[in-house]
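Results of the structural survey
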Amino acid sequence: MFNRPRKQTRQVSVGAVKIGGDTPVSVQSMTTTDTRDIDATVKQIHQLEEAGCDIIRVAVLDKKAAESLAEIKRQISIPLVADIHFHYRLALIAAEQGVDKIRTNPGNIGDDVKMETVVAACKERHIPIRIGVNTGSLENDLVQQYGRYSPEALVESAMRKVRLLEEMGFEDIVISLKSSEVAGMVEAYRLMSRKTNYPLHLGVTEAGPLQAGTIKSSVAFGLLLHEGIGDTIRVSLSADPVEEVKVGKKILQSLGLFSNMPELVSCPTCGRLQTDLFGLIGRVEKVLEGIHKPIKVAVMGCNVNGPGEVAGADIGVVGGADYLSLVRDGKVIAKLPPEQLEEALLKELERFR
Ligand code: SF4
């Protein structure tokens, strides 16, 4: 892979997962359940854990939600982040409940005295704070000076909070600068990366439904990660959060930043195709979801590009008029009609479970 060297940021521990430094880029998501409903929230977190989520965030909107955090944490295996706005007391309860990180915007948590109380509680328990700045919550003077979607406004807004926390002697900081506008968001992270050494949480806010959000996040994260910027990512989608994790993992995989998952290579098909390849690809993709190994599988429609592509794969298929070739480690091991081929292929894949 030809990514530029990763920027060595200050390392922060979020429970057992580290963010920054030379640790792998982690994938985060956020639950969509009511945090007060412990069973539903734990159930969704287990689904996200299964999909490969590294860190999970939950919204804390009232005292009951805050008081549910210890029990949620007890029932899950990945670090738990409390997302808190407006109410500093909720942040204090979350810290007491033993959360692994707090995400807040010091600009809306109250005055500096309240923020200082939160910082003291986090410091005592080694809980990092993510300063989450959004284009939607910029200070008025910055909007007046730079405009709402200006990268400089996002960076300056975050830097004010960073300075505030630093003045309180707190440096366990992660920063995010979220915007729904990709080009501005990318520029904001580039600027921030030059200004500070704190780890950066990448996110495109209000990215949209599955397809649109995947494209926006892939473009934004792809540009930044390729430049070595970004320590943890969250793909925001108006969809099941499990999809956020799958997309996040695939973005990392496409840049060679995550290796513990299969890669499926398949051709787009064209008029040369003589069999139902899309159905087969869909079924193979499903099977691969349950495999957590860095294998490469290639499913190709014909012998124009097929033999070359499958030669570099662990398992491959090359389509033909009456039969398809099944290839293992570059060698054809069977030539079978479509229905038998699928059975043999799935059997081969089972070996990697
Ligand atoms: S591998 Fe064959 S079927 Fe697939 S796109 Fe290329 S030429 Fe078309």
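Residues numbered from 1 in each chain as written. Predicted model: local features only at pLDDT ≥ 70, side-chain atom pairs only at ≥ 80, totals over all residues.

1. Describing the environment of His126
Assignment of secondary structure puts His126 in the loop between α5 (112-125) and β7 (129-134). When the 10 C-beta atoms within 10 Å are taken as the criterion, His126 is described as exposed. Separated by 112 residues in sequence, His126 and Val14 have C-alpha atoms that sit 9.0 Å apart. (Helix = DSSP H or I, 4+ residues; strand = E, 2+ residues; numbered from the N terminus. Buried ≥ 20, exposed ≤ 12 C-beta atoms within 10 Å, placed from the backbone.)

2. Some thoughts on the sheet that holds strand β5 (residues 80-84)
Reading across the sheet, the eight strands line up as β8-β7-β6-β5-β4-β3-β10-β9 and stay open at both edges, with parallel pairing between neighbours. Every other strand in the sheet has two partners, leaving β8 (173-178) and β9 (201-203) as the edge strands with one partner each. Between one strand and the next, the sheet's axes are offset by a mean angle of 25°, whatever the strand orientation. Bridge analysis of β9 against strand β10 (residues 232-234) gives three bridges, and the strand direction is parallel. Within the sheet, the bridge partner assigned to Leu202 lies in β10 and is Ile233. The strands touched by helix α8 (residues 182-195) within the sheet are β8 and β9, with β8 carrying the most contacts at an inclination of about 150°. (Pairing = 2+ DSSP bridges. Axes fitted to C-alpha atoms, helices over the stretch in contact; angles between N-to-C directions. Contact = placed C-beta atoms within 7 Å.)

3. Considering helix α1 (residues 38-51)
Taking 1.5 Å of rise per residue, the 14 residues of α1 would be expected to cover 20 Å, and the 20 Å separating its terminal C-alpha atoms lies within 8% of that figure. Looking one or two residues beyond α1, the residue adopting positive phi is Gly52, at roughly 105°. (Expected span 1.5 Å × (residues − 1).)

4. Here's the deal with the packing of helix α11 (residues 277-289) against helix α13 (residues 338-350)
Look at α11 against α13: their axes get within 11 Å of each other, and the N-to-C directions meet at 20°. The orientation of α11 relative to α13 falls into the category roughly parallel. Here the hand of the crossing between α11 and α13 comes out right-handed. Contacts between α11 and α13 involve Leu280, Arg283, Val284 and Val287 from the former and Glu342, Leu345, Leu346 and Leu349 from the latter. Counted by class, the contact of α11 with α13 contains six nonpolar, no polar and two charged residues. (Parallel < 35°, antiparallel > 145°, perpendicular 65-115°, else oblique. Left-handed = near helix turned anticlockwise from the far one by under 90°. Nonpolar A, V, L, I, M, F, W, Y, C, P; charged D, E, K, R; others polar.)

5. A short note on the environment of Val42
Assignment of secondary structure puts Val42 in helix α1. Considered as a pair, Val42 and Val25 are 17 residues apart in the sequence and their alpha carbons are 24 Å apart. Leaving out residues up to four positions away in the same chain, Val42 has contacts with Ile72, Gln75 and Ile76.

6. Structural notes on helix α9 (residues 210-226)
Given a rise of 1.5 Å per residue, 17 residues ought to cover 24 Å, and the 23 Å separating the end C-alpha atoms of α9 matches this to within 8%. All of the buried residues in α9 are Gly213, Thr214, Lys216, Ser217, Ala220, Phe221 and Leu225. Immediately downstream of α9, the backbone of Gly228 shows phi near 85°, a positive value.

7. Examining unusual backbone geometry
Trans peptide bonds make up the majority, and among non-glycine residues the majority have a negative phi. Even without being glycine, Thr269 reaches a positive phi, approximately 70°. Along the polypeptide, Thr269 turns up in the loop between β11 (263-266) and α11. Looking at Thr269, the number of C-beta atoms within 10 Å reads 16, which means it is partly exposed. Positive phi, normally seen in glycine, also occurs at Asp329, with a value near 50°. Inspection of the secondary structure assignment puts Asp329 in the loop between β14 (324-328) and β15 (331-336). For Asp329, a count of 11 C-beta atoms within 10 Å gives the class exposed.

8. Re the domain arrangement of the chain
Domain annotation of the chain identifies domain 1 (12-254) and domain 2 (263-350). Taken over C-alpha atoms, the centre of domain 1 sits 39 Å from the centre of domain 2. (Domains from an automatic or database assignment.)

9. Quick look at the sheet that holds β15
Across the sheet, five strands lie side by side as β11-β12-β13-β14-β15; this open sheet has mixed pairing. Every other strand in the sheet has two partners, leaving β11 and β15 as the edge strands with one partner each. The sheet shows a mean angle of 15° between the axes of neighbouring strands, taken without regard to direction. Bridge count between β11 and strand β12 (residues 296-300): four bridges; the pairing is parallel. When the bridges of β12 are listed, Val265 appears paired with Ala298. In the packing of α13 onto the sheet, the strands contacted are β13 (315-318), β14 and β15, and the crossing angle to β14 comes to about 15°.

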